[in-house]
Amino acid sequence: MPLVRGHSSPSRAGSGVPDPRRWHMLSMYIVLAVLNQTLWLSFAATPYAIARRFDIDERFVSSLAVLCNAVYVPGSWLCTWLLRSFGLARVVKVAAGLQLAGSLLRWLADLVLRPISGPGAFLGLCLGQGVAAFGSPLIMNTPAVFADAWFGKREREAVLAVGALSPIFGQGLGSAIAGFVIHGDLAQGTQQLLLGQALASGAVALWVVQFIDAPGAERDEDDDTSRSSQQMLRLLCRPHFVLILVIFNCGMALAASTLTFFGEIAEDCGYQTTEAGAASGLFMIGGVLGSLATGSVLGAFRAYRTVLRATVLLAVSSGLLFLVMLRPENLAGVLVSGSFFGMFMLSALPALLSNAVEETFPTPPEISTTLLFNSAILLQVFFTPLSQIVLDGQQGACASWGSAYSMFNLYIGLFGCLLPALFYCGKNNRLLAELAHDESLTSG
């Protein structure tokens, strides 16, 4: 079975005129990624009201995020098969179709089933959530493939940063929008939110029909599924890649749990849903700025290890500041510290992905990226309920500095992120190969 790699070898990266269509392709890719993830945490800021609306226990609302995690691995298998059989364009179009189908099911569940049965409507909502989530790995696993396929080596780090951040930005955007649209004890505005997401999904699906594969995308006729599994297993035997895996998994788990439970955390500290939505939005805006800055620095200086250590250190420090600021009647401090927390925490994401690609080269980038995201999503299946247990153990107390929840997150950040980053000394294998290729062209 042929594999449409869609990534650049050193010879391809160093030749050819950039295709002007790459910016149109990037726009479609980013919008689809953001929109898909708005469904992931649509109700994170309003769990109590959503539970009342569907007459269910509040804990079932948090299970929507866990459901997205549970279907991620099967979705990754679909992504791998589509990428190998048809190429990146088919992957993107199928993701758009799944997004549209899932968003329509969610809207119809609330419109048609809720007047009959609240719990039944919530089951329909879960079904739609699962269908849309099935398409998430088709976007989240492919930013390195997309960046290598369409952009040159001086642009791809910034593009990778944008592509990798877009899904996470969508999660925060979905939570923020819901915090403003949904209001009242019975979550008034939910139907309008779901209809808006469905209409937006339809418009994007029509737009994404124009997405095409990059000219000259490479194929490897000898690659197959078993070989990819063997490549993943070999990566797990590389100590420095394992360090990246640990940092990535712990960082993603912390980001996901923060966004998932922020509505509940804000409520326990005396803040309203609109204030929780504003904090989530600022968290993601900061993340966008930080991620773009990291991508630009990586593209300009290609100091991969240094940038990785710096971003992780700043992420842990800003997380500590956020926990200190998280207390009642300190909205300004929460908003400002949350913005910096998002900026530095998500700025580490492109640094991690770039170092993973560099360390594992010449292994195709989709192999390392898929392994990183699959393991992170699987960890969240256990980490999110564990975080909920720790949060529930506080019995409604504010999760401020010194609480069980804050110390739990601090330990994960210190021992799961900062220490592995300090010990990481991986090689820049792709950069060395490109420099050797450029030197051979010059001497030739």
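Reading the values: the criteria
Residues numbered from 1 in each chain as written. Predicted model: local features only at pLDDT ≥ 70, side-chain atom pairs only at ≥ 80, totals over all residues. Heavy atoms only, no water. UniProt positions renumbered as here; feature names shortened; annotations may be inferred. 1 Å grid on protein atoms, 1.4 Å probe; cavity = no way out; pocket = protein on both sides within 12 Å on 5 of 7 lines; lining within 4 Å. Points joined across faces, edges and corners; volume = space filled by probe spheres on them. Helix = DSSP H or I, 4+ residues; strand = E, 2+ residues; numbered from the N terminus. Nonpolar A, V, L, I, M, F, W, Y, C, P; charged D, E, K, R; others polar. Core = buried A, V, L, I, M, F, W, Y, C linked by side-chain atoms within 4.5 Å. Buried < 20%, exposed > 50% of the residue type's maximum accessible area, 1.4 Å probe, protein only. Contact = heavy atoms within 4.5 Å.

An unreviewed UniProt entry lists the protein chain under the name Major facilitator superfamily (MFS) profile domain-containing protein, with Effrenium voratum given as the organism. Reading the Subcellular location (unreviewed entry) entry of the UniProt record for the protein chain gives the comment "Membrane".

Counted by the stated rule, this structure contains eight cavities of 30 Å³ or more. Considering the residues around the largest cavity, the lining is formed by 29 residues, among which Gly-251, Leu-254, Ala-315, Phe-341 and Met-345 are closest to the centre. Elements with a contribution of two residues or more to the lining of the largest cavity: α13 (239-268), α15 (304-325), α16 (331-360) and α18 (404-423). Its residues placed into classes, the lining of the largest cavity shows 24 nonpolar, five polar and no charged. In this structure, the second largest cavity spans a volume of roughly 90 Å³. Forming the boundary of the second largest cavity are Trp-40, Leu-41, Met-140, Ile-168, Gln-171, Met-252, Ala-255, Ala-256, Thr-260, Ile-377 and Gln-380. Taken together, the elements giving at least two residues each to the lining of the second largest cavity come down to α10 (156-181), α13 and α17 (365-392). The element best represented in the lining of the second largest cavity is α13, accounting for four residues. Residue classes in the lining of the second largest cavity are distributed as eight nonpolar, three polar and no charged.

Attention now goes to the nonpolar core. One finds Phe-146, Phe-211 and Phe-248 to be the most contacted residues of the largest nonpolar core, which totals 102 residues. It is α13 that contributes the most residues to this core, 15 residues altogether. Excluding anything up to four places from it in sequence, Phe-248 contacts Leu-349, Leu-352, Leu-353, Leu-372, Phe-373 and Ala-376. Listed in part, the 17 residues of the second largest apolar core include Phe-43, Ile-50, Ala-121 and Ala-187.

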